[in-house]
Amino acid sequence: MTDCIFCRVVEGKAPAKRVAETEHVLAFRDIAPQAPTHVLLIPKRRVAESAAHVRDDHAVMLAELFALAARIAHEEGLTRGWRLVTNVGPEAGQSVHHLHFHLLGGRPMRWPPG
Ligand code: AMP
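Residues numbered from 1 in each chain as written. Predicted model: local features only at pLDDT ≥ 70, side-chain atom pairs only at ≥ 80, totals over all residues. Heavy atoms only, no water.

## What about the overall build of the protein?
Thought 1: Scanning the protein from N- to C-terminus turns up 2 helices and 5 strands.
Thought 2: Radius of gyration (C-alpha) of the protein: 14 Å, near the 13 Å computed for a compact globule of 114 residues.
Thought 3: Along the three orthogonal principal directions, the C-alpha set of the protein runs to about 40 × 30 × 30 Å.
Thought 4: Burial statistics for the protein: of 114 residues in total, 38% are counted as buried.
Thought 5: Considering only contacts within the protein whose residues lie at least 6 apart along the sequence, 56% involve residues at least 24 apart.
Thought 6: Counting every atom, the protein has about 7200 Å² of accessible surface; 54% of that belongs to carbon and sulfur.
Thought 7: Each charge class in the protein can be summarised by its mean position, and for the 14 positive and 12 negative side chains these summaries are 7 Å apart. (Helix = DSSP H or I, 4+ residues; strand = E, 2+ residues; numbered from the N terminus. Rg over C-alpha atoms; globule rule 2.2 N^0.38 Å. Buried < 20%, exposed > 50% of the residue type's maximum accessible area, 1.4 Å probe, protein only. Contact = heavy atoms within 4.5 Å. Areas by Shrake-Rupley, 256 points an atom, 1.4 Å probe, with all protein chains shown as cover. Lys, Arg positive; Asp, Glu negative; His and termini not counted. Charge placed at Lys NZ, Arg CZ, Asp CG, Glu CD.)

Next up, the structure:
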């Protein structure tokens with residue numbers, strides 16, 4: 001809890017290329033981009049470790065987050081499509097335990113993902 005890198009980004013104590021923010025959500029560029037556009041969207045407060053811990057009272061934040069993802073995709077010119085994905089647990093490759101969604105675009109996406 002105390003050593004949460006995304007909490008430090010929100011607090012401005014760790015560097016990040018910020019893209020946009022709303023009242024409850026911050027978007028910044030992934031440090032190791034997997035596509036021409038790779039933006040992370042997180043709740044500013046660490047209300048959940050992952051999507052496995054999402055509750056009803058996160059609804060406003062999540063609606064904000066999805067709307068912001070769509071806005072960023074539009075602003076990044078991702079007219080041919082984009083992907084919004086969240087990893088839960090070790091088998092899905094989750095490495096940061098602060099709920100986050102990856103917005104990926106700018107190249108063709110394979111399905112199913114790796
Ligand atoms: P996940 O593996 O789904 O938990 O995603 C965590 C993501 O956070 C990875 O894609 C990392 O590259 C990214 N990441 C970790 N630390 C930072 C950071 N300080 N700034 C930006 N992205 C980060």
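Now that the structure is up, let's keep going.
## A few points about the site of the ligand
Thought 1: The environment of the ligand is made up of 15 residues, and the closest members are Asp30, Asn87, Gly93, Ser95 and His102.
Thought 2: Here an oxygen atom of the ligand and a backbone polar atom of Gly93 are 2.9 Å apart.
Thought 3: In this structure, His102 approaches the ligand through a side-chain N or O atom, which is 2.9 Å from an oxygen atom.
Thought 4: When the ligand is considered free in solution it has 500 Å² of accessible area, and contact with the protein chains removes 84% of it.
Thought 5: Looking at the shell around the ligand, the elements that each hand over two or more residues are α1 (5-11) and β2 (25-29). (Near = heavy atom within 4 Å. Polar contact = N/O pair within 3.5 Å; in protein donor to acceptor, adjacent residues only side chain to side chain.)

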